[in-house]
Amino acid sequence: MTEPTDRWRCALAARERQDPLVGTAVPAPRWFLVEHPGPWQRTAAGTAPLDTVATELPALLEGHGARLQLIRRHGRRTGSGAEDGRRGVALVDCRTARVHWSTWQTPQDLLALAARMPDLLAAAPPCDDPLVLVCAHGRKDVCCAIDGRLTARVLDDLLPGMVWETTHLGGDRFAANVTFLPDGTMYGRVDGTSAPDLAIAHLDGLADLTRWRGRSLWDPAAQAAAADVLATLDTPRWRDLDPPRVTPDGADTWRVEIDVDGRTHHRTVTRSWAPKHRLTCADATEKTVALWEATR
């Protein structure tokens, strides 16, 4: 029996079920971050004035393997916007760690940037300053509003100038969800207590495996294998992992090889399906999700 919406919270239910986080990072080797103070609608592309290019912009970005996100400073403070009303846009490539910053004023500006995304990123330098995204998309899910905004405030105090609230990052039930760019690492179930230690460790190259969802430039099988390899290391340094090599081995099995410090680690990853559950606060429909298990 489903609890009433005003009493039931997806993040609390997922914790009670112990839903696994591994393998749930959204597939996005590139990101297109559009500064927008809000209010945000349920989708980034459906938020005015982006809704006037809601077909063209996502199509362009999909062709580049890029994910559209709206971003804003915590508390809806002014970010990089200029006096003429222009706001910031960040183009991010997780594979090369390159970031190109620009500005936008009209939806046509966004279309022009999206069309030139590969060339702009190719000319951009590698990024030394991380971008930290915290999902605070309350219109999409109440857990993201409650848990995300608190986590964003804590991280904003710790890392001023690096932290942005953002729209849906997938996995509402894992709120608060945090993504580090340009490396594309995603964490879930981050809260105000755990956020500082997690952020400091991650920026030092260490993975918090209790909250690791994966990296957005890898597919789920690679994410699961990487988490298992990291768990065997004396120090789980995500920076030390070479890109996983994934080979399909049947409908629900993959062979994965990962090099770390000159040694090759072999994993077999299998996919199964969880029982159906209600996964978000906003939708009472019960759905199933994939589960990923790596074995040696």
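Every chain is numbered on its own, with residues counted from 1 as its sequence reads. Reporting of local features is limited, given that this is a predicted model, to residues whose pLDDT is at least 70; pairs of side-chain atoms are given and counted only at 80 or more, and all residues count toward the totals for whole chains, interfaces and linings. Each side-chain value is derived from all of the structure's non-hydrogen atoms; neither hydrogens nor water enter the calculation.

Trainee: Whenever I open this one, the overall build of the protein chain confuses me. Can you help?
Mentor: A count of helical and extended segments in the protein chain gives seven helices and 15 strands. All radius of gyration figures rest on C-alpha atoms, and the globule criterion is 2.2 Å times the number of residues raised to 0.38. What you see for the protein chain is a C-alpha radius of gyration of 19 Å, in line with the 19 Å of a compact globule of 296 residues. Based on the C-alpha atoms only, the size of the protein chain along its principal axes is roughly 55 × 50 × 35 Å. When the 296 residues of the protein chain are sorted by exposure, 49% land in the buried category. Note on conventions: DSSP H or I runs of at least 4 residues are helices, E runs of at least 2 residues are strands, and numbering of each starts at the N terminus. We call a residue buried when its accessible area falls under 20% of the maximum for its residue type, exposed when it is over 50%, and partly exposed in between, using a 1.4 Å probe and counting protein chains only.

Trainee: What am I meant to see in the pairing of strand β12 (residues 263–273) here?
Mentor: Side chains on a regular strand alternate between the two faces of the sheet. Inspection of the sheet shows strand β11 (residues 253–260) paired to β12 by eight bridges, in the antiparallel sense. The partner of W254 across the bridge, within β12, is V269. The pairing criterion is simple: DSSP has to find at least two bridges between the two strands. Linking β11 back to β12 in an antiparallel pair, the connection comprises two residues, with D261 at a positive phi of about 50°. Sheet topology places β12 next to strand β15 (residues 290–295); six bridges connect them, and they run antiparallel. Note on β15: the bridge partner recorded for V269 is A294.

Trainee: What is the right way to read the pattern of salt bridges from this model?
Mentor: Where side chains of opposite charge bring their charged atoms close, a pairing between them can arise. Salt bridge, as used here, is a side-chain nitrogen of Lys or Arg placed within 4 Å of a carboxyl oxygen of Asp or Glu. Going through the model one piece at a time under the given rule, you end up with 17 salt bridges. Ionic contacts of the salt-bridge type, sharing partners, join the residues R17, D19 and R173 into one network.

Trainee: Whenever I open this one, the packing of aromatic side chains confuses me. Can you help?
Mentor: The geometry of an aromatic ring pair comes down to the distance between the two centres and the angle between the two planes. Note on aromatic pairs: the rings of Phe, Tyr and Trp (six-membered ring only in Trp) are paired at centre separations within 6.5 Å, and the planes decide the class, stacked below 30 degrees, edge-to-face beyond 60, tilted for the rest. Using the criterion set out here, one finds four aromatic pairs in the structure. A ring pair is formed by F180 and Y187, whose centres lie 5.9 Å apart and whose planes are at 90°; its orientation type is edge-to-face. Neither residue differs from the other here; F180 and Y187 are each classed as buried. Centre to centre, the rings of Y187 and W212 are 6.4 Å apart; their planes meet at 80°, and the pair counts as edge-to-face. With Y187 in strand β8 (residues 185–187) and W212 in strand β9 (residues 212–215), this pair connects stretches of sequence that are 25 residues apart. Aromatic rings pair up to connect F180, Y187 and W212 into one cluster. Its end group placed over the ring of W218, R215 keeps NZ or CZ at 4.9 Å from the ring centre. Only when the NZ of Lys or the CZ of Arg is both within 6 Å of the ring centre and within 35 degrees of the ring normal is a charge said to sit over the ring.

Trainee: Explanation requested: the nonpolar core in the structure shown.
Mentor: As a rule of thumb, soluble globular proteins bury nonpolar side chains together. L155, W212, I258 and V269 are the most contacted members of the largest nonpolar core, which has 33 residues in total. Elements supplying a minimum of two residues to this core: β5 (131–135), α5 (142–158), β7 (178–181), α6 (195–203), α7 (220–232), β11 and β15. In terms of residue count, α7 provides more of this core than any other element does, eight residues in total. Once residues within four sequence positions are removed from consideration, W212 is found in contact with L21, V22, T185, M186, Y187, A207, W218, Q223, A226, A227, L230 and W238. Counting 25 residues, the second largest nonpolar core, distinct from the first, contains C10, A28, C135 and C281. By nonpolar core is meant a set of buried Ala, Val, Leu, Ile, Met, Phe, Trp, Tyr and Cys residues that side-chain atoms within 4.5 Å join together. Contacts were defined at the residue level, with two residues in contact if any of their heavy atoms lie within 4.5 Å.

Trainee: Even after reading the chapter, I still don't get helix α3 (residues 107–115), so can you show me in this structure?
Mentor: Working note: α-helix, 3.6 residues per turn, so residues spaced by three or four point in the same direction. Every buried residue of α3 is listed here: P107, L110, L111, L113 and A114. The arc enclosing the buried residues of α3, seen along the axis, measures out at 165°, which places them on a common side. Summarising the contacts, the buried residues of α3 are in contact with β1 (30–35), α2 (56–63), β3 (87–93), β4 (98–104) and α4 (117–123). The arc in question is the one traced by the directions running from the helix axis out to the C-beta atoms.

Trainee: How should I be thinking about the sheet that holds β9 in this particular structure?
Mentor: To summarise the sheet geometry, strands pair through backbone hydrogen bonds and adopt either a parallel or an antiparallel arrangement. The strand order β4-β3-β1-β2-β6-β5-β7-β8-β9 describes an open sheet built from nine strands, whose pairing is mixed. The sheet is open, and its two borders are formed by β4 and β9, each paired with just one other strand. Along the sheet, successive strands turn relative to each other by an average axial angle of 25°, direction set aside. Note: β3 against β4, seven bridges, orientation antiparallel. Among the inter-strand pairings, R87 is bridged to a residue of β4, identified as W104. Convention adopted: a line fitted to C-alpha atoms gives each axis, helices being fitted over their contacting stretch, and angles between N-to-C directions are expressed from 0 to 180 degrees. Strands β1, β3 and β4 of the sheet are contacted by α3, whose axis makes an angle of about 155° with β4.

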